[in-house]
There are 2 protein chains.
Amino acid sequence: MERNIKIAVDAMGGDNAPFEIVKGVAEAVKLYPVKVLLVGKEDIVKKELASYTYDEESIEIVNADEVITTEEVPTEAIKNKKNSSLMVGLKLVKDKKADAFISAGSTGAMFVGGTVTVGRIKGIDRPALGTCLPNMKGYSLLLDSGANVDCKPQYLVQFAKMGTVYAENVLGIKNPTVGLANIGVEKEKGNMLVKEVYEMLENTEGINFIGNAEIVDIPKGVADIIVCDGFEGNTILKLSEGLSKMLVSLIKTEITKGAYVIAAAALKKPFDNIKKSFDSDNVGGAPYIGFKSLVMKMHGSCKSPAVVNCIKQCVDFVENDTVAKIEKLIQE
Amino acid sequence: MERNIKIAVDAMGGDNAPFEIVKGVAEAVKLYPVKVLLVGKEDIVKKELASYTYDEESIEIVNADEVITTEEVPTEAIKNKKNSSLMVGLKLVKDKKADAFISAGSTGAMFVGGTVTVGRIKGIDRPALGTCLPNMKGYSLLLDSGANVDCKPQYLVQFAKMGTVYAENVLGIKNPTVGLANIGVEKEKGNMLVKEVYEMLENTEGINFIGNAEIVDIPKGVADIIVCDGFEGNTILKLSEGLSKMLVSLIKTEITKGAYVIAAAALKKPFDNIKKSFDSDNVGGAPYIGFKSLVMKMHGSCKSPAVVNCIKQCVDFVENDTVAKIEKLIQE
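For clarity, every value in this text was computed on a predicted model and none was experimentally measured.

Break down the packing of aromatic side chains for me, with residues and values.
Inspection of every chain in the model, using the stated rule, returns 10 aromatic pairs over all chains. Where B:Tyr198 meets B:Phe209, the ring centres are 5.2 Å apart and the plane angle is 75 degrees; that geometry is what we call edge-to-face. Within this pair, whereas B:Tyr198 is found in helix α7 (residues 192–202), its partner B:Phe209 is found in strand β9 (residues 208–214), the two being separated by 11 residues in sequence. With respect to burial, B:Tyr198 and B:Phe209 carry one shared label: buried. Among the aromatic side chains, those forming a connected cluster through ring pairs are A:Phe111, A:Tyr288 and A:Phe291.

Pulling in residues and values, what's your account of the nonpolar core?
Ranked by size, the top nonpolar core spans 163 residues in total, and within it A:Leu38, A:Ile311, B:Leu38 and B:Ile311 carry the most contacts. Sequence-distant contacts of B:Leu38, defined by excluding residues within four places in its chain, comprise B:Val9, B:Ala11, B:Val22, B:Val25, B:Val45, B:Leu49, B:Ile59, B:Glu60, B:Ile61 and B:Val62.

With reference to specific residues and values, describe the environment of B:Gly14.
Residue and element names in this part refer to chain B. One can find Gly14 in the loop between β1 (5–10) and α1 (19–31). Taking relative accessible area as the criterion, Gly14 reaches 26% and is therefore assigned partly exposed. Measuring from C-alpha to C-alpha, the distance between Gly14 and Cys302 comes to 7.3 Å, with 288 residues separating the pair along the chain. Contacts of Gly14, omitting those with residues within four sequence positions, involve Ala104, Gly105 and Gly300.

Tell me about the sheet that holds β9(B), and please be specific about residues and values.
Residue and element names in this part refer to chain B. Here five strands make up an open sheet; going across it, the order is β6-β7-β10-β8-β9 and the pairing mixed. Of all the strands in the sheet, the pair left with one neighbour each is β6 (131–135) and β9. Neighbouring strand axes in the sheet, compared pairwise and without regard to direction, differ in orientation by 35 degrees on average. With three bridges joining them, strand β7 (residues 138–143) and strand β10 (residues 225–227) adopt parallel strand pairing. Counterpart to Leu143 in the pairing with β10 is Val227. Strand contacts of helix α6 (residues 153–169): β7, β8 (177–182) and β10, with the helix running at about 165 degrees to β10, the strand carrying the most contacts. In this fold α7 packs onto β8 and β9, with an angle of close to 165 degrees to the strand it touches most, β8.

Residue-level account of the pairing of strand β12 (residues 294–298) of chain B, with values.
Remark: a regular strand shows side chains that alternate across the two faces of the sheet. Residues and elements named next belong to chain B. Of all five residues in β12, five are buried, a share of seventy percent or more. Burial of the side chains of β12 extends over both faces: Leu294, Met296 and Met298 are buried on one face and Val295 and Lys297 on the other. Note: strand β4 (residues 100–103) against β12, four bridges, orientation parallel. Looking across to β12, one finds that Ile102 is bridged to Met296. Note: strand β11 (residues 285–289) against β12, four bridges, orientation antiparallel. Residue pairing across strands places Gly285 opposite Met298, the latter belonging to β12. Turn length for the β11-β12 hairpin, with the two strands adjacent in sequence and antiparallel, is four residues, and the turn residue Gly290 shows positive phi of about 125 degrees.

Can you explain the sheet that holds strand β4 (residues 100–103) of chain A? Please cite residues and give values.
As a general point, the strands of a sheet are linked pairwise by backbone hydrogen bonds and lie either parallel or antiparallel. Residue and element names in this part refer to chain A. Here we have seven strands laid out as an open sheet, ordered β3-β2-β1-β4-β12-β11-β5, and mixed in their pairing. In this open sheet, the two strands that pair with only one neighbour each are β3 (59–63) and β5 (128–129). Note: β5 against strand β11 (residues 285–289), two bridges, orientation antiparallel. Across the sheet, the residue bridging to Leu129 is Tyr288, located in β11. Against the sheet, helix α5 (residues 107–117) makes contact with β4, β5, β11 and β12 (294–298), and its axis sits at roughly 175 degrees relative to β12, the strand it touches most. Here helix α12 (residues 304–319) sits on the sheet in contact with β1 (5–10), β2 (34–40), β4, β11 and β12, set at roughly 165 degrees to β12.

Tell me what's going on with the pattern of salt bridges, and back it up with residues and numbers.
Inspection of the entire model under this criterion finds 22 salt bridges over all chains. We note a salt bridge from A:Lys220 to A:Asp217, for which the minimum N-O separation is 2.9 Å. B:Glu241 is the salt-bridge partner of B:Lys245, the closest N and O atoms lying 3.7 Å from each other. In this pair, B:Lys245 and B:Glu241 are both assigned in helix α8 (residues 230–255), four residues apart and thus about one turn of the helix distant.

About the criteria used
In this numbering scheme, every chain counts its residues from 1 along its sequence in written order. Lettering of chains starts at A and numbering of ligands starts at 1, both following the order in which they are written. This being a predicted model, a pLDDT of at least 70 is required before a residue's local features are given, and a value of 80 or more before pairs of side-chain atoms are given or counted; all residues contribute to the totals for chains, interfaces and linings. Note that the side-chain values use all heavy atoms of the structure and ignore hydrogens as well as water. A pair of Phe, Tyr and Trp rings is counted when the ring centres sit within 6.5 Å of each other, with Trp represented by its six-membered ring. The angle between the planes then sorts it: under 30 degrees is stacked, over 60 is edge-to-face, the rest tilted. The helix count covers DSSP runs of H or I at least four residues long, the strand count covers runs of E at least two residues long, and both are numbered beginning at the N terminus. Exposure classes here rest on a 1.4 Å probe applied to the protein chains alone. A residue is buried below 20% of its type maximum, exposed above 50%, and partly exposed in between. What makes a nonpolar core is a set of buried Ala, Val, Leu, Ile, Met, Phe, Trp, Tyr and Cys residues whose side-chain atoms join them at distances within 4.5 Å. The contact criterion used is simple: two residues touch if any of their non-hydrogen atoms lie within 4.5 Å. Paired strands are those between which DSSP finds at least two bridges. Geometry is summarised by axes, namely lines fitted to C-alpha atoms with helices restricted to the contacting stretch, and by angles between N-to-C directions that run from 0 to 180 degrees. By definition, a salt bridge exists where a carboxyl oxygen of Asp or Glu is found within 4 Å of a side-chain nitrogen of Lys or Arg.

The structure is reproduced here in structure tokens:
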């Protein structure tokens, strides 16, 4: 297998690092034509890797002595820990030694580090964090899901364009529909920001804008891409997470009461199926879209399948020349 | 029973009007010391009322020939339909012929009509719509849940104060905790609005501010009162509604597959219990807090128990002199 695509992976980021990260990498290099630059403390990573058999050409360890934790203030962390796995990984991308970077570490540090190291695509004011939000039909790409809490209208128009290119080229959705997250379906609904964005999206070429995605209908799967500012997007994401947990817990409490115990046992499989459809490991990662190369954020608690899926998304992103396509659509 | 409290009820508003509204009123006057002014088309309301026995002193029909629909633009509707049940009801409050007004009709028309007819409490910039949002511990009072989509920081501080007085005097919560809806628990998290509001709430006397209510934790019941702007609040409310429906539907689909049919039948009761805890009829209505008298919005699809609960809330609101208490706290 010719390994044309090089991906830097942060071996030290996330709750289950390095074990699950290294395990995922060892699996992915068997499936995809990638060379992984595994960034982290050399001795630790080497020891982890020893458990797996893999093509020697497919994995290279790149030493990085430090680790940025999620508790650190991003702007300070990236300044003070230049030799962290996160910053070394981003620098590999900057220096064209890697085509993409994946980490389950600090979301904020990845965004700030990505901005100062990798840099933005020409014409993009703010890269957005895209998240695949599960719904009745599958999932929607929600962006921005948390990177930019205060947005100008043109940022959201850029999110719509970037999301369209990403969904087409990486998620394989043809002519994806774009909905604007709003508290009503009518054009005149919403706050000042979304009203202004609605007008702009109506007049934007190259996207399939279908109007407002009313919040109550988002779980039904009203649009392939949901556009919003990062505060709204993070609200949607985190409330979905919190509420799903609450409801499953409520239902479990109810059905394990007294006479329902037998029924509950019979229902283990259906519940597992539902849990699976909400499992972020199946989706992989959340891309920061808008940097000159792909920077992928994995969930802090992710396991090896997420790593495999993320690497797959990086391959599609690079092979389909996604950055050039975004740059083209932005300038239209 | 001495009927000191007078409540105007819109007999024509909502999907199940007038039947469920009139039914609820006929029940409520048996339970509470109220006189209800039932506003609507006299012949229709009279015919509905004929099905019930009640103390003749307890219900009076007030004729109103028109009805404002939810499709109408609020500002135009309140101008063009002065003789609508909604506007006649609000005018009864303005003229001190009623102490409160209840309707399941147009949310927007109630807000605009309430502002121009009933008027705001001194010191209140914007009345807020408060909604009881179900959670693991019971519910939180979420305000603003949709009336004011663009907010200045001081509005949210006023919401916190009004919510505190309402929760204490109507919901019976002693020293209620106030949380600021935010995408993180740390003080420095969030957009410009919530960062500014956080600082202000920290220095506000007379409320029990406990910091940020992180979105993911809202379903756990982190605070008695959740404060936010109306766009954020409506997002939280509508996503909770949409997602609950989606999850229950997903679970039903799973458990009614093949071998689980028997188990599903056994689970009818637990599911009904869960449904009940999310049933807005049990909560009653959503108060517009900040008007000189209480204006209560019921869900468009509400049934008679909601009417009964709403009237109960109006009684507590009036008996506990809630407006005077809000006015006092606002001026502190």
